[in-house]
Amino acid sequence: MKRDQKITRLAKKLVELSKDNGVVTEAKVGEVLAGLKQVQHRHHLTVLKTFLNYLRREIALQTAVVSTPGALSGAALKAIETTYSKMYDRPITAVTKEDTSLIAGVRVRVGDDVYDASVAGRLQRLAENVS
Amino acid sequence: MKATFITLLLVLSLPLGLVAAGDAHAALDAVLAPGEEAASAEGNKLTMITEKFGVTVPTLIAQMINFCLVAFVLYKFAVKPIAATLDERQQKIADGLQYAEEMKAQLAEAERERAEKIKQAAIDAQKILTESREQSKEMIEQKTQEAAAQAEAIIRKASEATELERQKMLSDVRQEVARLVVATSSKVLSRDLSDAEKQTFSDSAAKELASAGN
């Protein structure tokens, strides 16, 4: 238990070291991995796995996954990035993902938060209200 | 009883005395007949009588002793056992009568007790019967009330179940209708909306989200 806590703290510190101006960058992550390789921690594999989990979580928090059935204009994506960066007070990058089940509109997911403005979502809410 | 037998002995001895007196009277007549005038005139008549009658003291004493012996023997071997037997039988009879009286009294007492017990039993039976009737009446009323309550509860539960079933059915129908509407709308919109319309709607939705976030 004590070992896990130590590894968790170490992984969180590594994630912080992987940020450049609050954003996780590939270059910083490479530097951290190189450092880990040099240090050769006693629980190297466990540290790497924990670091990967926290890194994924951090990237998810910094990424707005915009699901849409078709193409989306760059202005719309830029507006989404600006809005959610301001809302969460951290730099957020928008990434598009095609989802034809939405029919039309967009659905944005930032971390565990989901914002839906799709036709399918509206129809689903309508059905829930009716029933 | 003893007195009776003594009297009987005296009665039996009386004829013997009479016979002896008769014999003595006959002897006196035979003696007085030759010289009646000279004897009556002179001498001691008593002495003469005793001599003439042949009454002598030893004979008299012997007769008395004989009489006493006979009387004793009779009393000892006849009168006494008979008297004892009679006394015993009389005692038995008296005991029997007394026993019969006691039995009669006991029978009367038993009869009285029996009658009293029968009367008490009849009263108790009447009381038990009355209590049983009251209890049965109360039980019938209680059971009737319980049955009514149970029937009411069953009706209420059935009504509630029916209402729940109706609500569930309505909910199912609404859900099904909504699902069908959503499915139909989705198919229609997917088929009828062009790519340009979808992109326009998506841009509009993205701006809507952006403006909502601000």
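Counting restarts for each chain, with residues numbered from 1 along the sequence as it is written. The naming scheme follows written order: chains are lettered A onward, ligands numbered 1 onward. Only residues with pLDDT of at least 70 get local features here, since the model is predicted, and only at 80 or more are side-chain atom pairs given and counted; chain-wide, interface and lining totals rely on the full set of residues.

Asker: Can you walk me through the overall build of chain B in this structure?
Answerer: Working definition: helices are DSSP H or I runs of at least four residues, strands are E runs of at least two. Numbering for both runs from the N terminus. Within chain B, the secondary structure is distributed over 5 helices and 0 strands. Of the regular secondary structure in chain B, the N- to C-terminal order runs α-α-α-α-α. In this scheme every C-beta is placed from the backbone, and a residue whose C-beta has 20 or more other C-beta atoms within 10 Å is buried, one with 12 or fewer is exposed, and one in between is partly exposed. By the burial criterion, 4% of the 214 residues in chain B qualify as buried.

Asker: Which parts of the structure should I look at to understand the overall build of chain A?
Answerer: Per the secondary structure count, chain A includes 5 helices and 6 strands. Reading chain A from its N end, one meets helices and strands in the order α-β-β-α-α-β-α-β-β-β-α. In chain A, which comprises 131 residues, the proportion classed as buried is 25%. With C-beta atoms placed from the backbone, a contact is any residue pair whose C-beta atoms sit within 7 Å. Sequence-distant contacts in chain A: of pairs separated by 6 or more residues, those separated by 24 or more amount to 59%.

Asker: Got a minute to help me understand the interface of chain A and chain B in this structure?
Answerer: Frequently, the measure chosen for interface size is the accessible area that the parts lose on association. In this complex, chain A contributes 27 residues to the contact, which on the side of chain B involves 26 residues. When contributions to the side of chain A that touches chain B are tallied by element, the ones reaching two or more residues are α4 (74-88), β5 (105-110), β6 (113-118) and α5 (119-130) of chain A. Each residue is assigned to one class: nonpolar for Ala, Val, Leu, Ile, Met, Phe, Trp, Tyr, Cys and Pro, charged for Asp, Glu, Lys and Arg, and polar for all the others, Gly among them. Of the residues assigned to the side of chain A that touches chain B, the class counts are 19 nonpolar, 8 polar and no charged.

Asker: Is there a simple way to think about the pairing of strand β3 (residues 63-68) of chain A in this case?
Answerer: Both faces of the sheet carry side chains from a regular strand, because those side chains alternate between them. Residues and elements named next belong to chain A. Criterion used throughout: strands pair if DSSP finds at least two bridges between them. Relative to strand β4 (residues 93-98), β3 runs parallel, the two being bridged by 6 bridges. Paired with A64 across the bridge in β4 is A94. Between the parallel elements β3 and β4, the chain passes through α4 in a crossover that is right-handed. Bridge analysis of β3 against β5 gives 4 bridges, and the strand direction is antiparallel. Residue pairing for β5: V65 is matched across the bridge by R109. For crossovers, right-handed means that the path from the first strand over the helix to the second runs clockwise, given strands pointing away from the viewer.

Asker: For this particular structure, what's the right way to read the nonpolar core?
Answerer: Across soluble globular proteins, you tend to see nonpolar side chains buried next to one another. By size, the foremost hydrophobic cluster in this structure holds 25 residues, and its most contacted members are A64, V66, I80, V106 and V108 of chain A together with A206 and L209 of chain B. Of all elements in the fold, only β3, α4, β5, β6 and α5 of chain A together with α5 (195-213) of chain B reach the threshold of two or more residues within this core. Discounting chain neighbours no more than four positions away, the residues touching V106 of chain A are V66, S67, T68, L72, A117 and S118 of chain A together with S202, A205, A206 and L209 of chain B. By convention in this section, buried Ala, Val, Leu, Ile, Met, Phe, Trp, Tyr and Cys residues joined through C-beta atoms within 7 Å make up a nonpolar core.

Asker: Mind showing me how you'd approach the packing of helix α1 (residues 2-17) of chain A against helix α3 (residues 44-61) of chain A here?
Answerer: Angle between the axes and distance between the axes are the two parameters that describe a pair of packed helices. All names here are of chain A. For helices, the axis comes from a line fit to the C-alpha atoms of the stretch in contact; other axes are also lines fit to C-alpha atoms, and the angle between any two N-to-C directions lies between 0 and 180 degrees. It is at 9 Å that the axes of α1 and α3 come closest, and there the two elements cross at 50°. As far as their axial angle goes, α3 and α1 are oblique. Considering only the axes of α1 and α3, their crossing is right-handed. Counting all contacts with α1, which are made through I7, T8, L10, A11, K12, L14 and V15, the residues of α3 involved are T46, V47, T50, F51, Y54, L55 and E58. By residue class, the composition of the contact of α1 with α3 is 9 nonpolar, 3 polar and 2 charged. An angle below 35 degrees is read as roughly parallel, one above 145 as roughly antiparallel, one from 65 to 115 as roughly perpendicular, and any other as oblique. In a left-handed crossing the near helix is turned counterclockwise from the far helix by less than a right angle, and in a right-handed crossing that turn is clockwise.

Asker: How should I be thinking about the pairing of β5 of chain A in this particular structure?
Answerer: All names here are of chain A. Counting buried residues in β5 gives 5 out of 6 residues, a clear majority hidden from the surface. Bridge analysis of β5 against β6 gives 6 bridges, and the strand direction is antiparallel. Among the inter-strand pairings, V110 is bridged to a residue of β6, identified as D113. In sequence, β5 turns back onto β6 through a hairpin of 2 residues, with G111 there showing a positive phi of about 65°.

Asker: Looking at this model, I keep getting lost on the sheet that holds β6 of chain A. Mind explaining?
Answerer: Sheet strands associate in pairs through backbone hydrogen bonding, adopting either a parallel or an antiparallel arrangement. Residues and elements named next belong to chain A. The 4 strands are arranged β4-β3-β5-β6 in an open sheet whose pairing can be described as mixed. Across the chains shown, the open sheet's two edge strands, defined by having one partner strand only, are β4 and β6. Going across the sheet, the axis of each strand differs from the next one's by a mean of 20°, ignoring polarity.

Asker: Looking at this model, I keep getting lost on α1 of chain A. Mind explaining?
Answerer: Note: α-helices contain 3.6 residues per turn, so residues at a spacing of three or four share the same orientation. All names here are of chain A. Each residue after the first adds 1.5 Å to the expected span of a helix. Between its terminal C-alpha atoms α1 stretches 23 Å, which fits the 22 Å expected from 16 residues at 1.5 Å a residue. Within α1, burial applies to A11, L14 and V15. Viewed end-on, α1 has its buried residues packed into an arc of 100°, placing them on one side of the element. Away from its buried face, by an angle of more than 90 degrees, α1 presents the exposed residues K2, Q5, K6 and R9. Buried residues belonging to α1 abut α2 (26-39) and α3. For this quantity, the arc is that covered by the directions from the helix axis to the C-beta atoms.

Asker: Whenever I open this one, the packing of α5 of chain A against helix α4 (residues 57-192) of chain B confuses me. Can you help?
Answerer: Axis separation between α5 of chain A and α4 of chain B bottoms out at 9 Å; the angle between their running directions is 160°. One element, α5 of chain A, and the other, α4 of chain B, form an angle in the roughly antiparallel class. As α5 of chain A runs across α4 of chain B, the sense of the crossing is right-handed. Across from V119, A120, L123, Q124, A127 and V130 of chain A in α5 of chain A, the residues of α4 of chain B making contact are R174, A178, R179, V181, V182, S185, S186 and L189 of chain B.

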